[in-house]
Amino acid sequence: MLRHLQWVKTGILTLLALIWRLVRSCRTSMQRSEGLVSLGEGMEQYERGRYLDALSKFNQALGYLQQANELEYQGRTLNYIGRTHRSLGRYSKALESYQQALVIYRQVGNRLMEGDVICGIGSIHYFLAEYPTALEHYHHALIIAREVGNQKGEAGALNAMSMVYDALGQPREALANYQQVLSLVTKDKSQRATILSNMGQVYSGIGEYAKALELHHEALGIEKKIGNSASIASTLNNIGVVHRSLGQYPKAQEYYQKALKLFRKAGCRAEEATVINNIGGVYDQQGKYSEALKCYEQALLIHREVRDRHGEGVTLNNLGAVHHFLGQLQQALEYCHCAFDIYEEIGHVSDQASTLNNIGHLYFLLGNDSEALKYYRKGLVIASKAGVRDTEGVILDNIGLIYSRQNEFAKALEYHQQALMLQQSIQNLPNQGTVLSNLGEVYCNLNNFTKAQDCYQQALKIQRQIGDKRGESFTLAGLGEMYDRHQDYTKAMEYYQQALKIRKALGNYSDEMRTLRLIAEVYTKLEQYSEARECYQEALTSARVRGNRTLEEKLVNSIEEINKNINQ
C-alpha cells in the first residue's frame, strides 16, 4: 500500500513537471513571438527614419528575446540597435551594441553575421574619421564575406572601403573599388543603384560634375523601377547637390524639393532635416539670408527632435555661416563653437577640423590674425592626423591669406603652394581653382602681373572646365582687381562686368553687392561720379533687402562721399 502511494505521488510530481515545462515552453514561445513582433516593428520604424521609435521597439524586442534565450535574434536586435545609435550620432553607444552582437555571433558560430557586425563597427570608426581603423575592420569583414561565400557582404565591405578612400582624398582608389562592387551586384538592382550614386558623389567631389550627374541619373532610373521612395529621394538630393556646386540654383532647389516631398511621405525625419539644410544652403549662396535662416532653424529643430547630434552640429555651422555673411561675426562664432563642442562630444574628427577652420576664418574677418592662426593650426593638426586632405589643403590656403594680409608674401606663397600641391594630389579641381586664384592675388601684391595673370588664367580654365560659375566669378573679379591696381581701368571694368553678369545670373546677392562696390570704385577713379553713385545705390538696395546692416552703413557713407564730389 505504501509503495502504491509513493508511485501515485511520483506520478503527480511528474505530471506537474510536464505541465510546468509546457507552461514554460508556451511562455517562451510567447516571449519569442512578442520579441519578433517588436523587432519587425522596430525595423519598420528604422527604415522610415524614425530612429527613436525604432530604438524603443528594439529595446523591447531585446528584453523578450533575452527571456526566451533566443541568442540569434538577440544578436540581430543588438545589430539593429547599433545601427540606430549610429544614425543618431551616438557612436559610443553604437559601438557598445555592435560589440555585444559580435560576442553572440561568435558564440553561436554565425560567421556571416559576424562579418556584418564587424562592418558595422568599421562604420563607426569611419564616422569618427578614424579611417585606418575603419579600413582594418572593413578588410576583416571582406575576408569573412569571401570565406563564407557571402557576395552581398563582400560588395558591402568593398563599398565601405571605397567611402574611406574617398574620405582620405584617394578618389581613384575609391572608384576602382566601386567598379569591383558593380561586377558583384549585377543581379541586385538596388545595390547597383546605391553604388552608382556613391560613384557620382566621388566624381562630384573632384569637380567632374557631368560624370556625377550621369551616374546619379542612371541610379535614379533603376530606383524608380524598383519603387523605393527613400532611395529615390536620396539620389534626388545628390543630384541637387551637384547642381548647387555648378551654381545652377533653381535646378538644385527643384531636386531638393522633390527629395523633401518623398522623405516627408516616407516619414524619414532625419533625412528630411538634411534636405532642408541643403535648401537653406542654396538660399545662403544666393544671399537670401532670411530664407536660409528659416530653413536652418527648421532643420535644427528636427535634428534635435530625433537627437541627431551630428546633424545638429552641421546645422549650427550653417547658422554660423549666415550670421557671418550678415556681418554678425560674434553670433557666428557662438554657433561655430557650439558645433565644435558637439563634434568633440561625439568624437567626429573631420568635422572638428573643418569647424576649427570656420572659427579661424571668423577671427580673420574680425582682424584678429593671431587667434585666426591659432584655430587654423589646431584644425591643421587634426586634419593632417585624420588624413582629411581636402580640409588640410583648405586650411593651408587660408593660412596663406593671413600672411598675404600681413604683407609676408613669401610665407603666403609657401602656404598657397603647399595647398595647391595637396589639392592636385587628391585631384580636387574646385579647390585647385580657388588656390590658383589666391596665388594670383599674391603675385598681384608682389607686382608680378605676368605670374598673377598666369595663375588667374589657370584657375579660369579649371573653373570653366568643371562649370564652377561661382569660382569663375571670383577669378574674374581677381583679374579685375589686378588691372585696377595696374591702373588699366578699361580692362578692370571689363572683368568686373563679366563677374557681375555671372553673379546676377546665379542670384548670388552678396557677391553681386561686392562687385558693384568694385565697379563703383573704378567709376570714382575715373571721376564718373553719377555712374559710381548708381552702382552704390543698387548695392545699398540689395543690402537693405537682405538685412546686412554693416554693409548698409558702409554704402551710405560711400554715397555721401560721392555726393560731395558731385556737388563740388
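About the criteria used
- Here, residues in each chain are numbered from 1, in the same order as that chain's written sequence.
- The model is predicted, so local features are restricted to residues of pLDDT at least 70 and side-chain atom pairs to those at 80 or more, both for listing and for counting; the totals for chains, interfaces and linings are taken over all residues.
- Hydrogens are left out, water is left out, and the side-chain values use all remaining heavy atoms of the structure.
- Helix numbering and strand numbering both begin at the N terminus, where a helix is a DSSP run of H or I of at least 4 residues and a strand a DSSP run of E of at least 2.
- Buried, partly exposed and exposed residues are distinguished by accessible area as a fraction of the type maximum, computed with a 1.4 Å probe on protein chains only: under 20%, between the cut-offs, and over 50%, respectively.
- The criterion used for residue contact is that any of the two residues' heavy atoms lie within 4.5 Å.
- Each accessible area is a Shrake-Rupley result for a 1.4 Å probe, and residues are judged covered by the shown protein chains and nothing else.
- When charges are counted, Lys and Arg are positive and Asp and Glu negative, with His and the chain ends excluded.
- Where a charge lies is defined by one atom per residue type, namely NZ (Lys), CZ (Arg), CG (Asp) and CD (Glu).
- Cysteine sulfur atoms are paired as a disulfide whenever they come within 2.5 Å of each other.
- Each helix should span, by expectation, one fewer than its residue count multiplied by 1.5 Å.
- Side-chain atoms within 4.5 Å are what join buried Ala, Val, Leu, Ile, Met, Phe, Trp, Tyr and Cys residues into a set we call a nonpolar core.
- Geometry is summarised by axes, namely lines fitted to C-alpha atoms with helices restricted to the contacting stretch, and by angles between N-to-C directions that run from 0 to 180 degrees.
- The labels follow the angle: roughly parallel below 35 degrees, roughly antiparallel above 145, roughly perpendicular from 65 to 115, and oblique for the rest.
- Throughout, a crossing is termed right-handed when the near helix is turned clockwise from the far one, and left-handed when it is turned anticlockwise from it by less than a right angle.
- The residue classification treats Ala, Val, Leu, Ile, Met, Phe, Trp, Tyr, Cys and Pro as nonpolar and Asp, Glu, Lys and Arg as charged. All others, Gly included, are polar.
- Aromatic rings from Phe, Tyr and Trp, taking only the six-membered ring of Trp, are treated as a pair when their centres fall within 6.5 Å; an angle between ring planes under 30 degrees marks them as stacked, one over 60 as edge-to-face, and anything in between as tilted.
- The term salt bridge refers to a pairing of a side-chain nitrogen on Lys or Arg with a carboxyl oxygen on Asp or Glu at a separation within 4 Å.

(A) Region of interest: the overall build of the chain. When helices and strands are counted, the chain shows 27 helices and zero strands. The C-alpha extent of the chain, read off along each of the three principal axes, is 135 × 50 × 40 Å. Per-residue burial for the chain yields a buried fraction of 52% across its 568 residues. Taking the intrachain contacts of the chain between residues at least 6 apart in sequence as the baseline, contacts between residues at least 24 apart amount to 54%. A total of about 26,100 Å² of accessible surface is found on the chain, and carbon and sulfur atoms cover 50% of it. Separation between the mean location of the 63 positive side-chain charges and that of the 61 negative ones in the chain comes to 7 Å.

(B) View of the state of the cysteines. For the structure on display, the rule yields zero disulfides. For the unlinked cysteine C295, the closest cysteine sulfur is that of C336, found at 18 Å.

(C) Representation of the environment of D390 in the model. With respect to the element layout, D390 can be found in helix α19 (residues 389–405). Considering only alpha carbons, one finds D390 and L168, 222 residues apart in sequence, at a separation of 8.4 Å. Apart from the residues lying within four places of it in its own chain, the contact partners of D390 are L422, Q423, I426, N428 and N431.

(D) Region of the structure containing helix α23 (residues 469–485). Relative to the 24 Å expected for 17 residues at 1.5 Å per residue, α23 spans 24 Å between its end C-alpha atoms, a close match to the ideal helical length. Within α23, twelve of the 17 residues are buried, which leaves the element mostly enclosed by the surrounding structure. Where α23 is concerned, the buried positions are G471, E472, S473, T475, L476, A477, G478, L479, G480, M482, Y483 and D484. Those residues of α23 that are buried are in contact with α21 (429–445), α22 (449–466), α24 (489–506) and α25 (509–525). A positive phi of about 60° marks Q487, the residue just after α23.

(E) The nonpolar core, seen in detail. Of all hydrophobic cores here, the largest spans 179 residues; its most connected members are Y131, Y138, V164, I399, L439 and M482. Counting residues per element, this core draws most heavily on helix α16 (residues 329–346), at nine residues. Sequence-distant contacts of Y138, that is, excluding residues within four places in its chain, are made with C119, G122, S123, Y126, A157, A160, M161 and V164.

(F) Summary view of the packing of α16 against helix α17 (residues 349–365). Between α16 and α17, the least distance of the axes is 9 Å, while the angle of their chain directions is 165°. Judged by the angle between their axes, α16 and α17 are roughly antiparallel. Where α16 crosses over α17, the handedness of that crossing is left-handed. Facing α16, whose interface residues are L329, A332, L333, C336, H337, A339, F340, Y343 and E344, α17 presents D351, Q352, T355, L356, N358, I359, L362, Y363 and L365. Classifying every residue of the contact of α16 with α17 gives twelve nonpolar, four polar and two charged.

(G) Quick peek at the packing of aromatic side chains. Summed over the entire model, instances satisfying the criterion amount to ten aromatic pairs. Centre to centre, the rings of Y46 and Y80 are 5.9 Å apart; their planes meet at 80°, and the pair counts as edge-to-face. Within this pair, whereas Y46 is found in helix α1 (residues 2–47), its partner Y80 is found in helix α3 (residues 71–87), the two being separated by 34 residues in sequence. The exposure class assigned to Y80 is buried, which follows from its relative accessible area of 12%.

(H) View of the pattern of salt bridges. Taken as a whole and judged by the stated rule, the model has 27 salt bridges. In this structure, the salt-bridge partner of D369 is R405, at a minimum N-O distance of 2.3 Å. Residue D369 is located in helix α18 (residues 369–386), and its partner R405 is located in helix α19; the two are separated by 36 residues in the primary sequence. The exposure class of D369 is buried, given its relative accessible area of 12%. For R464, the salt bridge is made with E472, and the minimal N-O distance between the two is 2.9 Å. With a relative accessible area of 45%, R464 lands in the partly exposed category. Residue class for E472 comes out buried when judged on its relative accessible area of 6%. Overlapping salt bridges, with partners in common, bring together R106, R111, E114 and E147 in one network.

(I) Local environment of unusual backbone geometry. Unusually for a residue other than glycine, N407 sits at a positive phi of about 65°. Position of N407 relative to the elements: it lies in the loop between α19 and α20 (409–425). Look at Q427: it is not a glycine, yet its phi comes out positive at around 60°. Structurally, Q427 is set in the loop between α20 and α21. Look at Q427 and you get partly exposed, because its relative accessible area is 31%.

(J) Region of the structure containing the packing of helix α12 (residues 249–266) against helix α13 (residues 269–285). Where α12 contacts α13, the two axes come as close as 9 Å, and the packing angle between them is 160°. Overall, the two elements α12 and α13 adopt an arrangement that is roughly antiparallel. The element α12 and its partner α13 pack so that their crossing is left-handed. Every residue of α13 that contacts α12 at Y249, A252, Q253, Y256, Q257, A259, L260, F263 and R264 is listed here: E271, E272, V275, I276, N278, I279, V282, Y283 and Q285. Across the contact of α12 with α13, the residue classes break down as eleven nonpolar, four polar and three charged.

(K) Geometry of the side chain of Q74. When you line up the elements, Q74 lands in helix α3. The buried category is assigned to Q74, whose relative accessible area is 8%. In this view, Q74 contacts L62, L65, Q66, N69 and I104; residues no more than four positions away in its chain are not counted.

That is the geometry; function is a separate question.
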